[in-house]
There are 4 protein chains.
Amino acid sequence: MEIRIGLIGAGWMGKAHTNSFVNALLNFGPEYGKPIFEVVSDVSAEAAKKASETLGYAKWTTDWKEVVTDKSIDIVDIATPNAFHYEIAKAALENGKHVYCEKPLTLSSEQSLELAEIAKANGVVNYVGYNNVMNPASCYIKELVDTGKLGDIVGFFGTYAQDSLLDPNLPITWRHINKYSGSGALGDLGSHLLSVSQFVLGNIESVNATSKTIFKQRPASPGSLTLAEVENEDIIAILTNYENGAVGTISSSRIAAGRKNYLTYEIQGTQGTVQYSLERMNEVNVYFTSDDSADRGFRTVFLGPDHKGYSAFYPAAGIAIGYNDMKVLEAHELLSALSRGTAYVCDFTFGAQIDKTVDAILKSAEQQQWVRVNEKGGVIA
Amino acid sequence: MEIRIGLIGAGWMGKAHTNSFVNALLNFGPEYGKPIFEVVSDVSAEAAKKASETLGYAKWTTDWKEVVTDKSIDIVDIATPNAFHYEIAKAALENGKHVYCEKPLTLSSEQSLELAEIAKANGVVNYVGYNNVMNPASCYIKELVDTGKLGDIVGFFGTYAQDSLLDPNLPITWRHINKYSGSGALGDLGSHLLSVSQFVLGNIESVNATSKTIFKQRPASPGSLTLAEVENEDIIAILTNYENGAVGTISSSRIAAGRKNYLTYEIQGTQGTVQYSLERMNEVNVYFTSDDSADRGFRTVFLGPDHKGYSAFYPAAGIAIGYNDMKVLEAHELLSALSRGTAYVCDFTFGAQIDKTVDAILKSAEQQQWVRVNEKGGVIA
Amino acid sequence: MEIRIGLIGAGWMGKAHTNSFVNALLNFGPEYGKPIFEVVSDVSAEAAKKASETLGYAKWTTDWKEVVTDKSIDIVDIATPNAFHYEIAKAALENGKHVYCEKPLTLSSEQSLELAEIAKANGVVNYVGYNNVMNPASCYIKELVDTGKLGDIVGFFGTYAQDSLLDPNLPITWRHINKYSGSGALGDLGSHLLSVSQFVLGNIESVNATSKTIFKQRPASPGSLTLAEVENEDIIAILTNYENGAVGTISSSRIAAGRKNYLTYEIQGTQGTVQYSLERMNEVNVYFTSDDSADRGFRTVFLGPDHKGYSAFYPAAGIAIGYNDMKVLEAHELLSALSRGTAYVCDFTFGAQIDKTVDAILKSAEQQQWVRVNEKGGVIA
Amino acid sequence: MEIRIGLIGAGWMGKAHTNSFVNALLNFGPEYGKPIFEVVSDVSAEAAKKASETLGYAKWTTDWKEVVTDKSIDIVDIATPNAFHYEIAKAALENGKHVYCEKPLTLSSEQSLELAEIAKANGVVNYVGYNNVMNPASCYIKELVDTGKLGDIVGFFGTYAQDSLLDPNLPITWRHINKYSGSGALGDLGSHLLSVSQFVLGNIESVNATSKTIFKQRPASPGSLTLAEVENEDIIAILTNYENGAVGTISSSRIAAGRKNYLTYEIQGTQGTVQYSLERMNEVNVYFTSDDSADRGFRTVFLGPDHKGYSAFYPAAGIAIGYNDMKVLEAHELLSALSRGTAYVCDFTFGAQIDKTVDAILKSAEQQQWVRVNEKGGVIA
């Protein structure tokens, strides 16, 4: 089955999506759907043309509307900056397209919920690219939880820290302006932790957050002496209550010296604990209270053929998969849903729930109160 | 100079204190004060007598008042259950004794402040045994912060987790009853993190906490079918704002499967980060942004003669000190203060500030609000 | 520039080579040579046909001679079992083809040297696939050594251990039969360490080895009660003297319980040490004696844009590359050599030197003597 | 039971032994023998006198012969430089004393065997201070091996590396002169690994070694321009065959940049592997092939009450013991043997076997041959 792809956004993420489709085909074979790279669009004609040539798209355009209305297209793949997701996804859905949208779904939970409902009504595949979900480690961790091997889950403690914006001389970018980004460290980084905790534990019920902008101004452009305002948080810390009764913390920083891609979390249950860090992405640490007392300790389990998704890459355990491979598994999940109708997790409803949580966190940080995630994000007091 | 010690409380901690004095003498020599083990008291005559023989105290008694009024005694060493600290310490201070009190100082910040004031008025040495403060690792970390090597401090993220009370069949103890313990995981474990963060960063300004009691009832006695109520928290999670502008989280659990003595924290600054875990107590991980970009990474620094306190034990780096050695350094700090008048950190004022923070955290968890630590622990809203 | 590839051997490694060419194109772009997948051959018609379809080769054949004589072919890519490398590579070279041969080059150093000479005489690109060489970590480590940052190199200590053949019920395969494999753990695993040490330190001068076959017989086929002889070593341990004056050990096992892909080594110099493990392939641990004494420790350096090869994949440090990515960098090195005439390390002379070292090690283990690697592998006595 | 101790050698190690006796008493109680510190001797009157005062010995002398003939003395405790062990131990044994001798026993296996035989004939307690043997980690590891949990043992791979002598400006000491030290890195460091491997696996059958002196000359005294010859090895690497059929490597360096107290080893069996590093002395890593495939990994087991010796120090797992605590357990083992007649491992026969292995290794390195450890250390060829 051929699956015709129209890509919107020819930057780094557009390239990453395209590569993922190519490698999904190479690793899983055409039976899960053979991607055909039909058209690429970008606001920059130069970028669109170049992407067409290097990534192998048959046509290019500067008008994304041509893509969403193109009758030959099966999937509209959205890899634009965040602020454009809503409009494009909505138009694609209304044209009956399957939609693959990079995370976050939109900049507001209302818009995200609207998209989720249109998608459901239209019966199309709708996938939001939270890449950590299809990480074989995440799937293994979810299995540990779901099978009860860890007992009742009582805590989730996670951090996603980077130092990508630690240098105060780095200029203002769209990431610092809320109308483009929605939020700072929370949306960019913390939302990945939300995707994992939601995937494994289920929904968060209420949150209480505090945030801080350490570098309040940045050069308006590289090297400029003019300073521009940073509108959103460098650091955020959140208390969480989960619907399943667990408690925990989530924190995130984009200015954490020395932290490169430090997404790490620990899930504690009454019969075991699992701990994971993306910087050592091939290792899951798990502890079972059922082990003999003298020999009990966290096990460093290397990903291998026993873990969902891994076999696509290697025949034996301990051979390192990389970050891109998570995206390949995501592309495969999407292709499989489309060609075989298989179930998948990261649909727009899943993405909208993350956006609701993000909204509640931002509201909590602003109002310095506990806020419920559902029930209209109401303040608790 | 001979320093005559009267020990009150002949249990595990009383033994640990005594051993620490012995080893302080062996490792630092008598010039810092030679401890003379004068008298030990315990409510149990048997325990007092046995401690006298095995720990080498000249006399024993079942009446602690004899100790605090004994003219030969220089230091009253309090190693009783927490609930008795206040009364004994007050009496000792009023008798002009130097006082060494195991943590926490008392069960309420009001009592602790009162003791701190009496101690100050009397001009005696007053030491509360937060053992992690004199850990050479803590002193090194404080030095990294104080010298500005890490830049401005922006975050403190810490956890102290154990699984000592994970087994639901473990019976009720004084730790579960607030009139004896004051609180659960917070006072027992989390307070150690408070001592370190207060030592290194200074005071916490405001807190917001949530707590959970997972095992709400426990056998009234070992094996009993009668269940008794657990009055305090198994897990606590706290947002913190520091007076110096930093933010962070502190969490603690006494039911964290697989965690044995997992006191771990990370301090992030604008020019570096330091990370530490007591389970690997001889290693401090530190990152400097000033290192060459290609060669930059967290350094695993083994404690050694360059770090304060270590040389008392070993002549070269990397030879493991243990948990007891922190207590030896504490005993030495106390003896040194007494014999030479040297300054020290863990006085009753320091301990009282921790108790104020504990009170604010408990209030916050109860009222589900931000609470200020000083200014009478007022709610912020 | 188009580069037409003829692949011989359509198994797992043939697929891996093909994927690497595809991803080299995607990540580096066509300017380094655009691979055209012209023809694939395999002894199995079915395998050849399937590979043609799924990997995208224009033609297929069961006769490798058609490939080496095909005028349209630029590179002959050899991914057959080891025993066939020599004959095919020789024929390809004699037809003036560039040759990309999976490691090891051949089963004897004489054959390998012969191939190296023919290649040199013909002036073609000749590349042997020791994939760890192009690992950005290896290149960074070589740079640390070459720039003198570690001082004079005095020791190399390495191990490559797996437990892939620990189960005694696993049947005999070609890996256990010397005429197909040449040797056991040494050729399969240990040779990778030889490639890295040769790349970074230069040639080994003399060796002294001991080896052991723990499982001397295995089922002749899966589940069979008939046992067949295992002809080569499960474990090998080697003392090494390097031409540059360093000493060390290399060991390898294919039956090391719990070790999955445990290629690890440490290079010690008079001013620093570097340590690496492929199981944590994105981390290089390096120590400099020039750091301040109190702050000195092994730095955990995450691979990033500062390290050669990494930027092809990601724009920031700490995003995990995987095992396949080493192969992509290898394919790129080959394409670049071919399209631009850039220098490269892993030529047949490099491969032949490894084979000479392997021969000397096997001779040493057999004769229980020190053996020189060069000077005809003479015994030292 | 009172046990009267005469200490010979009042340096750092004499102090360490004394402290260990004190802490053995404090932690195990007097029922295992109450040490009485009777007399201390040192060639330096000043050192002897000072040790008497600070360590609490009743008398002091500059003549060790007074100690070995003193009728009140039960144990002669030898903490002199290595070269004097033989003469003193022999005299002590001949006077019917129990003897506690710091490692190594003597500088030659002949002398060591002679002492072992005299000790056996006299029926006295004879203990050589290989402190790593009584490490609770070593005892746990031996138990893992002895109970068969790891299957048949097939490999032992160990390293003991330090950088204590990396600085070329450090002057000559007795450690560099063979008549005082016997050997270099081997005797000082490597012998500790020999003690552990001998304890856990049993005797080594044959060895093949190579060694290297990197810094061949050093200042004759601190800051001197006169250079003196270094007589022994900075680095040694050894192939080993064990009597039980296992193979392996042992290496040691005293100039390994960044390595502080890096005693590390791995024992591989057919059903599991155990790995340990003294730099993280409270953690044992163990892997069992019997664990479920998907959940299998090295377990990081923290030492705790389940492991022999630990309970003397702490009531719960994960509270760090330190290096000195191994020495306390050693003192306790000795006292227990003396007071209760309990069996112990580190007797002079054990020490003599290590010395035989050391002799064979040195001979092998000199002759560049395999050498058998027993059968008069014969060359194999």
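In this text the structure is predicted, and so the values were computed from the model without any measurement. (Residues numbered from 1 in each chain as written. Chains lettered and ligands numbered in written order. Predicted model: local features only at pLDDT ≥ 70, side-chain atom pairs only at ≥ 80, totals over all residues. Heavy atoms only, no water.)

Draft legend 1. Looking closely at the relation of the copies chain D and chain A. Least-squares fitting of chain D to chain A yields an RMSD of 0.0 Å, with the superposition described by an axial translation of 0.0 Å and a rotation of 180°. Taken together, the rotation and translation relating the two chain copies correspond to the operation of a two-fold axis. In terms of proximity to the rotation axis, the leading residue of chain D is arginine 299 of chain D, whose C-alpha is 2.0 Å off the axis. A share of 100% of the interface residues of chain D reappears at the interface of chain A, consistent with the copies meeting face to face through the same patch. (Least-squares fit on C-alpha atoms with pLDDT ≥ 70 in both. Contact = heavy atoms within 4.5 Å.)

Draft legend 2. Just the sheet that holds strand S3 (residues 59–61) of chain D, in detail. All names here are of chain D. With parallel pairing, six strands are arranged side by side in an open sheet as S3-S2-S1-S4-S5-S6. Since the sheet does not close on itself, it has two edges, and those belong to S3 and strand S6 (126–129), each with one partner. Each strand axis lies, on average, 25° off the axis of its neighbour in the sheet, ignoring direction. With four bridges connecting them, strand S5 (residues 98–102) and S6 associate as parallel partners. Pairing of cysteine 101 across the sheet is with valine 128, part of S6. With respect to the sheet, helix H4 (residues 85–94) is in contact with strand S1 (2–8), strand S4 (75–78) and S5, its orientation differing from that of S5 by roughly 170°. (Pairing = 2+ DSSP bridges. Helix = DSSP H or I, 4+ residues; strand = E, 2+ residues; numbered from the N terminus. Axes fitted to C-alpha atoms, helices over the stretch in contact; angles between N-to-C directions.)

Draft legend 3. Inspection of the packing of helix H8 (residues 185–201) of chain D against helix H10 (residues 348–367) of chain D at higher detail. Residues and elements named next belong to chain D. Put simply, H8 and H10 touch, their axes get as near as 10 Å, and they point 125° apart. If you check the angle between H8 and H10, you find them oblique. Crossing geometry of H8 relative to H10 is assigned as right-handed. Across from Leu186, Ser191, Leu194, Ser195, Gln198 and Phe199 in H8, the residues of H10 making contact are Phe350, Gln353, Ile354, Thr357, Val358, Ile361 and Leu362. Across the contact of H8 with H10, the residue classes break down as eight nonpolar, five polar and no charged. (Parallel < 35°, antiparallel > 145°, perpendicular 65-115°, else oblique. Left-handed = near helix turned anticlockwise from the far one by under 90°. Nonpolar A, V, L, I, M, F, W, Y, C, P; charged D, E, K, R; others polar.)

Draft legend 4. Just the UniProt feature "domain: GFO/IDH/MocA-like oxidoreductase" (unreviewed entry) in chain A, in detail. Sequence positions flagged by UniProt for "domain: GFO/IDH/MocA-like oxidoreductase" (unreviewed entry) are, in local numbering, residues 141–274 of chain A. Overall, residues 141–274 of chain A shows 20% helix and 37% strand. The separation of its end C-alpha atoms is 7 Å. (UniProt positions renumbered as here; feature names shortened; annotations may be inferred.)

Draft legend 5. Focus on the interface of chain C and chain D. Contact residues are listed per partner, giving 40 residues for chain C and 40 residues for chain D. Of the roughly 3,100 Å² buried between chain C and chain D on both sides combined, carbon and sulfur atoms contribute 62%. On the chain C side of the interface with chain D, the three residues burying the most area are Leu239, Ala257 and Trp370 of chain C, jointly 15% of the side's total. The tally of links between chain C and chain D comes to two salt bridges. Glutamate 266 of chain D serves as the salt-bridge partner of arginine 259 of chain C, at 2.7 Å between the closest nitrogen and oxygen. Scanning the region where chain C abuts chain D turns up 11 residue pairs in polar contact (both at pLDDT 80 or more). Listed by contribution, the elements that provide at least two residues to the side of chain C that touches chain D are strand S7 (153–161), strand S8 (204–212), strand S11 (235–242), strand S12 (247–253), strand S13 (262–269) and strand S14 (272–277) of chain C. By residue class, the composition of the side of chain C that touches chain D is 18 nonpolar, 17 polar and five charged. (Buried area = accessible area lost by both parts, 1.4 Å probe. Salt bridge = Lys/Arg side-chain N within 4 Å of Asp/Glu carboxyl O. Polar contact = N/O pair within 3.5 Å; in protein donor to acceptor, adjacent residues only side chain to side chain.)

Draft legend 6. Examining the relation of the copies chain C and chain D more closely. Expressed as a screw transformation, the operator carrying chain C onto chain D has a rotation angle of 180° and an axial translation of 0.0 Å, and the superposed copies differ by an RMSD of 0.0 Å. Both copies present the same face, since 100% of the interface residues in chain C are matched by interface residues at the equivalent positions in chain D.

Draft legend 7. Broad picture of the pattern of salt bridges. Within this structure, the stated rule accounts for 64 salt bridges over all chains. Between lysine 142 of chain B and aspartate 146 of chain B there is a salt bridge, with the nearest N and O atoms lying 3.2 Å from each other. Taken together, the positions of lysine 142 of chain B and aspartate 146 of chain B, both in helix H6 (residues 136–146) and four residues apart, correspond to about one turn of that helix. The partner of lysine 149 of chain C in a salt bridge is aspartate 295 of chain B, with the nearest N and O atoms 2.5 Å apart. Separated into two different chains, lysine 149 of chain C in the loop between helix H6 (136–146) and S7 and aspartate 295 of chain B in the loop between strand S15 (283–288) and strand S16 (298–302) make up a pair that spans both. Given the relative accessible area of 35%, lysine 149 of chain C is considered partly exposed. Shared partners join several salt bridges into a network, and the residues in it are Asp291 and Arg299 of chain A together with Asp291 and Arg299 of chain D. (Buried < 20%, exposed > 50% of the residue type's maximum accessible area, 1.4 Å probe, protein only.)

Draft legend 8. Broad picture of the sheet that holds strand S5 (residues 98–102) of chain C. Residue and element names in this part refer to chain C. The parallel open sheet is built from six strands, whose spatial order is S3-S2-S1-S4-S5-S6. This sheet does not close on itself; its edge strands, each paired only once, are strand S3 (59–61) and strand S6 (126–129). Between one strand and the next, the sheet's axes are offset by a mean angle of 25°, whatever the strand orientation. Both strand S4 (residues 75–78) and S5 contribute to a ladder of four bridges, which runs parallel. Paired with isoleucine 78 across the strands is cysteine 101, a residue of S5. Running over the sheet, helix H2 (residues 45–56) touches strand S2 (34–41) and S3 and is turned about 160° from S3.

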